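Coordinates in review
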Amino acid sequence: MKNLFKGKLNKIPKPVLICCGAVIAAALIGFGGYEGFRLFMPTTIYGIDASHYQGDISWRAVAESGNVKFVYLKATEGKSYQDPNFSEYWSGASKFGLTEGAYHYYSQSSTGAEQASNFIATVPKAKGKLPPAIDIETSITTQSDFKTQLADYVRLVTAHYGQKPVFYVPPKVYNMLYDDYKGYSFWVIDISGSPTVNGWAFWQYSEKGTVGGVDSKVDLDRYRGSLWSFRSLLSK
């Protein structure tokens, strides 16, 4: 059979073989070029964030909905609270191929170091995870002390996970923190319309979204960047 196939090839004019080979090579190069272009071109990646308030979630159905590619899950709050559904959500989301990250609800009633200890004790280190996020929505009462405690939290969490945290904030807190944390990713909460601030990477655009697999309303988010920049955020 091998000799028969070789004999048939020998009957094809050499210029034709060269031309066919060039076409095939160009097609392969073109496909690779397109994939490379797609990797770096601007895009929008959709996700959700969830806590125990969402109740039972079918992560298979969420993944099969087609739109949701990432999920942020509430892990902790303050110095001692752990979300009761975090472990279940964490294992369930990753099982069905969703890129996941964990977030901490920041409190001013305990130190940054205490809150970092709570988060680190709750959220496992693993490859391919989004950076830890810090949810800061409360009114800032004493700005200088708040910034000192927050800096402690950021330092400890960064050292443990090897990733710069993402700041999940309304525009008012964004304006307070942006200059101090240039080079960090900001996740802006603005459900009234497009964010009024410029330097955001993530945007929560709804708090009453519907997604297959989630029976209750859920926060809807989007990432602004490229596939390459999104993947570069993930833990190594």
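One can find the structure itself at the top, above this paragraph.
Because the structure is a prediction, the values reported are computed rather than measured. (Residues numbered from 1 in each chain as written. Predicted model: local features only at pLDDT ≥ 70, side-chain atom pairs only at ≥ 80, totals over all residues. Heavy atoms only, no water.)

1. What about the overall build of the protein?
As a reminder, the rule being used: Numbering of helices and strands runs from the N terminus, with a helix taken as a DSSP run of H or I at least four residues long and a strand as a DSSP run of E at least two residues long. Accessibility here uses a 1.4 Å probe with only protein chains present; expressed as a share of the type maximum, an area under 20% marks a residue as buried, one over 50% as exposed, and anything in between as partly exposed. Note on contacts: a residue pair qualifies if any of its non-hydrogen atoms lie within 4.5 Å across the two residues. Residue exposure ignores everything except the shown protein chains as possible cover, and the areas themselves are Shrake-Rupley values with a 1.4 Å probe.
When its secondary structure is counted, the protein shows eight helices and nine strands. Looking at the protein as a whole, 41% of its 236 residues qualify as buried. Pairs at least 24 apart in sequence give 64% of the contacts found in the protein among residues at least 6 apart. Element-wise, carbon and sulfur atoms account for 56% of the exposed surface of the protein, whose accessible area totals about 12,800 Å².

2. Some details on helix 4 (residues 86–95)
By the burial criterion, the buried members of helix 4 are F86, Y89, W90, G92 and A93. Those residues of helix 4 that are buried lie in contact with strand 1 (43–50), helix 3 (59–64), strand 2 (68–77), strand 4 (99–105) and helix 5 (112–122). Positioned one or two residues after helix 4, G97 has a phi angle of 80°, which is positive.

3. Comments concerning the pattern of salt bridges
Note on pairing: side chains with opposite charge can pair once their charged atoms come close. In plain terms, the rule: The working definition used for a salt bridge is a side-chain nitrogen of Lys or Arg within 4 Å of a carboxyl oxygen of Asp or Glu.
Scanning all chains against the criterion turns up four salt bridges. A salt bridge links K129 to E100; the nearest nitrogen and oxygen atoms lie 2.6 Å apart. Separated by 29 residues along the polypeptide, K129 in the loop between helix 5 and strand 5 (133–135) and E100 in strand 4 bring together distant segments of the chain. Per residue, the accessibility class of K129 equals that of E100, and both read buried.

4. Focus: the nonpolar core
Which entries qualify depends on this criterion: Joining through side-chain atoms within 4.5 Å is the link that ties buried Ala, Val, Leu, Ile, Met, Phe, Trp, Tyr and Cys residues into a set, and such a set is a nonpolar core.
Residues I48, W59, V62, I136, L150, F167 and L177 are the most contacted members of the largest nonpolar core, which totals 43 residues. It is helix 6 (residues 143–161) that contributes the most residues to this core, six residues altogether. Excluding its chain neighbours within four sequence positions, the residues that come into contact with I48 are W59, V62, V68, F70, V71, Y72, V211, V218, D219, L220 and D221. By size, the runner-up hydrophobic cluster in this structure holds 17 residues, among which are Y103, Y168, I189 and Y223.

5. A short note on the side chain of S51
Assignment of secondary structure puts S51 in the loop between strand 1 and helix 3. Other than its neighbours up to four places away in sequence, S51 contacts K74, D83, Y89 and Y103.

6. Overview of the pairing of strand 2
What counts, and what does not: Whether two strands pair comes down to DSSP finding at least two bridges between them.
Extensive coverage of strand 2 is indicated by the burial of eight of its 10 residues. Bridge analysis of strand 1 against strand 2 gives five bridges, and the strand direction is parallel. Across the sheet, the residue bridging to D49 is Y72, located in strand 2. Here strand 2 runs beside strand 3 (residues 81–82); their pairing, made up of two bridges, is antiparallel. Bridge pairing in strand 3 places E77 opposite Y81. Between strand 2 and strand 3, which pair antiparallel one after the other, the connecting turn spans three residues, and G78 there sits at a positive phi close to 60°.

7. Topic: the packing of aromatic side chains
Basically, it comes down to this: Side-chain rings of Phe, Tyr and Trp (the six-membered ring for Trp) are treated as a pair once their centres are within 6.5 Å; stacked means planes under 30 degrees apart, edge-to-face means over 60, and tilted covers the remaining angles. In this scheme, Lys NZ or Arg CZ marks a charge over a ring once it lies within 6 Å of the ring centre and within 35 degrees of the ring normal.
With the rule as written, the count across this model stands at 25 aromatic pairs. Judged by centre distance (5.1 Å) and plane angle (90°), the rings of Y181 and Y184 are edge-to-face. Three or more aromatic residues link up through ring pairs in this structure, and these residues are F70, Y72, Y103, Y168, W187, F202, Y223 and F230. Over the face of the ring belonging to Y184 we find K164, whose NZ or CZ atom lies 5.1 Å from the ring centre.

8. Side note on helix 5
Threshold: In this description, the arc belongs to the directions extending from the helix axis to the C-beta atoms.
Within helix 5, burial applies to G112, Q115, A116, N118 and F119. Buried residues of helix 5 fall within an arc of 160° about the axis and therefore sit on the same side. For helix 5, the elements touching its buried residues are strand 2, strand 3, strand 4 and helix 6.

9. Focus on the packing of helix 5 against helix 6
Heads up, the condition is: All axes here are fitted lines through C-alpha atoms, helices being fitted over the stretch that makes contact, and every angle between N-to-C directions spans 0 to 180 degrees. Convention used here: angles under 35 degrees read as roughly parallel, angles over 145 as roughly antiparallel, angles from 65 to 115 as roughly perpendicular, and any remaining angle as oblique. Handedness of a helix crossing follows the sense of rotation of the near helix relative to the far helix, less than a right angle counterclockwise being left-handed and clockwise being right-handed. Ten residues, namely Ala, Val, Leu, Ile, Met, Phe, Trp, Tyr, Cys and Pro, are considered nonpolar, four, namely Asp, Glu, Lys and Arg, are considered charged, and the remaining ones, Gly among them, are considered polar.
With their axes 7 Å apart at the nearest point, helix 5 and helix 6 run at an angle of 30° to one another. The orientation of helix 5 with respect to helix 6, classified from their angle, is roughly parallel. Considering only the axes of helix 5 and helix 6, their crossing is right-handed. Contacts between helix 5 and helix 6 involve G112, A113, Q115, A116, F119 and I120 from the former and Q149, D152, Y153, L156, V157, H160 and Y161 from the latter. A class-by-class count of the residues in the contact of helix 5 with helix 6 yields eight nonpolar, four polar and one charged.

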